[in-house]
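Residue-level structural notes
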Amino acid sequence: MFKILQFSNNKWKKNWEPYFYLLPCLIIIVSLILFPLIKAFTTSLQSLNFMRPGMTEFVGLENYFKEITSPRTWNSLKITFLFTGFGVLLEFILGFSMAVFFNRDFKGKTFFRSILLIPIILSPIVVGLIWRILYNPDAGMINYFLGFLGIKGKAWLAMKESALISLIITDVWQWTPFMFLMLLAGLEGLSQEHFDAAKVDGASGFNLLRYITIPLLKPIIIIAILIRLIDSLRTFDLVFVMTSGGPGMETEITNYYIYQTAFRYWRMGSAASLAIIFTVIVSVFSFIFIKYLFKTGENLYE
Amino acid sequence: MNSLYKKRNKKFFKGIIFYTVLVIIVFIVTFPLIWVILTSLKSHIDTFRMPPKWIFTPTLIHYHDIFTKHPFLNYILNSIIVSFSSTALSLIVGLPAAYGLTRFKIKRNKDIAFFILSTRMAPPTLVILPFFILFRSINLINNLLSLIVLYMIFNLSFVVWMMRGFLREIPTEIDEAAMIDGCSRFLAFIKIIIPLCRSGIIATSIFCLVMSWNEFIFALVLTGQKTRTLPVAITTFIEFSGTHWGQLTAAGTIAMIPLIVFSIVTQRQIIRGMTMGAVER
């Protein structure tokens, strides 16, 4: 009898012990995912508006319909994808070139790395503040330096043509070092054999890069781009400090539009439906992107 | 002789080009930061002088102002409380979970880990709306507790993901040996495994601290007058003092100096953590 009890006790322990470690974390995380999703969804079906308390009604899909037909929604999505697309592309091109260029031993490498780490860990709010001051039309350093090149300074952040580009430049300043450090670590981790073998075969310069370096580095390239895409789509701070979505709606990325709808106009229902639409679009895109990239990545290894 | 000379010459020029590029990049990265620090030390009149004054008598008046005219010390304390307590809490919950994922044969082990990480991908606006409505209904707006809870949840996914990598590097034989010596598994985890992955825990905490210290949108929505964290306080300075760059840059400098010092001191751990996550996946 005693033995059976002990046996079952052991079995119980064996089956359930993992959950002793995992459960607290899983409970918290599942509730983090489930609670906002459910709550956001139910809110999106209501006309919840904190400016008109007590007048909340169930409105079905009306919020979704209104937002999908609104040009402001499409404008914000366009801006978001321009910001993320060009930003990440530039960061990758610059970061990759730098990684290839600096992939050797030189004096001050550790120091160089420390310097490049600084933008990455700064708060986007502080970065936005810094660049807002640099872009200032009257006393900003950017116009001052452009003056040496004979270019007349403008109010870069207040002009329709240059506001979004100015934001992207700021983002590139902050995040190119991330790409660089990731790719440099990747390059340093590659074994020298492949390169030596290719060199014996007479490959050099561009061919070496194209047929040896890039394929070998592909997994890290994919991850670095993916991390940046996800982070870039979450951007809000930079727009908030630098342009507040303006001029007009030239820099109103979707996150900023949702924030305005929710916390300036207090139209919670509309904001929730917008947030869900945005999440669905982003998830579909990242899913396709991940699938596509991992597929091409795998093919290269086979 | 001649060719040797040419070769050396070529090498010399290559070196010059290399270090020129390096200096340009260092300049582009550091100039904005140096400029902000300089601006915070200039008197109000010098700030707007064009061409800029490079040599001036520094003043600490703006630093004095933000501490006396605004409750800036209070904001700093808020930021410290929120980032340290949320990091500690997420380590307490996340470490055992990461341990569980590496030590037990759990079905769909990888899926669970990926699922945990995917929580970081949701747009912040989707997350903040429901939590704002919830915290508003239970009167937790303008209370640091609401921020601590949210940051804890967000850091948690990160802790699990990173510590999984560090814990995998410690062979399971070590826990088994401790358990044969009569330790329970949990005691072995606390007394032996945790001290062994100290450097991993430090790297992970650094990331959590930095993320909580810098986080903006949740803090913007959930805090008020008294509970503002540093990033939110800085944006109120922008609205408030518009062109008063002195105070603005002083506030910005205070927010970034700890991070800069931190990043130089812990450079190795940060880079290791950053790239390890990548290699693991």
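Residues numbered from 1 in each chain as written. Chains lettered and ligands numbered in written order. Predicted model: local features only at pLDDT ≥ 70, side-chain atom pairs only at ≥ 80, totals over all residues. Heavy atoms only, no water.

1. A word on the pattern of salt bridges
Residues and elements named next belong to chain A. This is how the line gets drawn: Take a side-chain nitrogen of Lys or Arg and a carboxyl oxygen of Asp or Glu: if they are within 4 Å of each other, that pair is a salt bridge. To qualify as a helix, a DSSP run of H or I must reach at least 4 residues; to qualify as a strand, a run of E must reach at least 2; elements of each kind are numbered from the N terminus. Type-normalised accessible area, obtained with a 1.4 Å probe on protein chains alone, sets the label of each residue: buried when under 20%, exposed when over 50%, and partly exposed for intermediate values.
Per the counting criterion, the structure on display carries seven salt bridges over all chains. Between Glu67 and Arg267 there is a salt bridge, and its shortest N-O distance comes to 3.6 Å. One end of the pair, Glu67, is in helix α2 (residues 62-69); the other, Arg267, is in the loop between α11 (254-263) and α12 (268-301), with 200 residues separating them in the sequence. Residue Arg267 is classed as partly exposed on the basis of its relative accessible area of 31%. For the salt bridge of Asp171 with Arg228, the shortest nitrogen-to-oxygen distance reads 3.1 Å. Of the two residues, Asp171 sits in helix α7 (residues 163-189) while Arg228 sits in helix α9 (residues 205-233), which places them 57 residues apart along the sequence. Taking the relative accessible area as the measure of exposure, Asp171 reaches 4% and is therefore buried. Linked through salt bridges whose partners overlap, the residues forming this network are Glu91, Asp171 and Arg228.

2. Focus on the interface of chain B and chain A
In plain terms, the rule: Should any heavy atoms of two residues lie within 4.5 Å, those residues are considered in contact. Throughout, the accessible surface (probe 1.4 Å) given up by two parts as they are put together, summed over both, is called the buried area. Polar contact is the term for a pair of N or O atoms within 3.5 Å; when the atoms are in protein, one must be able to donate a hydrogen and the other to accept it, and sequence-neighboring residues count only if both atoms are side-chain atoms.
With 87 residues of chain B at the contact, the number on the chain A side is 82 residues. Between chain B and chain A, the buried area comes to about 7,800 Å², and carbon and sulfur atoms account for 85% of it. Three residues, Phe18(B), Leu126(B) and Leu129(B), lead the burial of chain B against chain A; their summed loss comes to 8% of the area buried on that side. Linking chain B with chain A are zero salt bridges. At the junction of chain B with chain A, the criterion picks out seven residue pairs in polar contact (both at pLDDT 80 or more).

3. So, helix α3 (residues 71-101) of chain A
Selection criterion: Expected span of a helix, by definition, is 1.5 Å for each gap between consecutive residues, and there is one gap fewer than residues.
Here α3(A) spans 45 Å end to end across 31 residues, near enough to the 45 Å set by a 1.5 Å rise per residue. Two to three positions downstream of the cap, the backbone nitrogen of Arg72(A) sits 3.1 Å from a side-chain oxygen, assigning the N-cap of α3(A) to Ser70(A).

4. Quick word on the confidence of the model for chain A
Operational definition: pLDDT expresses how confident the predictor is about each individual residue, on a scale running from 0 to 100.
Of all residues in chain A, 91% attain a pLDDT of 70 or more, and the chain-wide mean is 83. Here residues 1-8 of chain A scores under 50 on pLDDT; set against residues more than four positions off or in separate chains, the count is zero contacts.

5. Observations regarding a positive patch on the surface
To keep things clear, this is the line we draw: Only residues whose relative accessible area exceeds 30% and that form no salt bridge are eligible for patches; like-charged ones are grouped when within 9 Å, while nonpolar side chains (Val, Leu, Ile, Met, Phe, Trp, Tyr) are grouped when within 5 Å. Each accessible area is a Shrake-Rupley result for a 1.4 Å probe, and residues are judged covered by the shown protein chains and nothing else. Asp and Glu count as negative and Lys and Arg as positive, but His and the ends of the chain are not part of the count. Charged groups are reduced to one reference atom each: NZ for lysine, CZ for arginine, CG for aspartic acid, CD for glutamic acid.
Judged by side-chain charge, Arg104(A), Lys7(B), Lys10(B) and Lys14(B) come together as a positively charged surface patch. Within the secondary structure, Arg104(A) sits in the loop between α3 and α4 (109-121). A relative accessible area of 43% places Arg104(A) in the partly exposed class.

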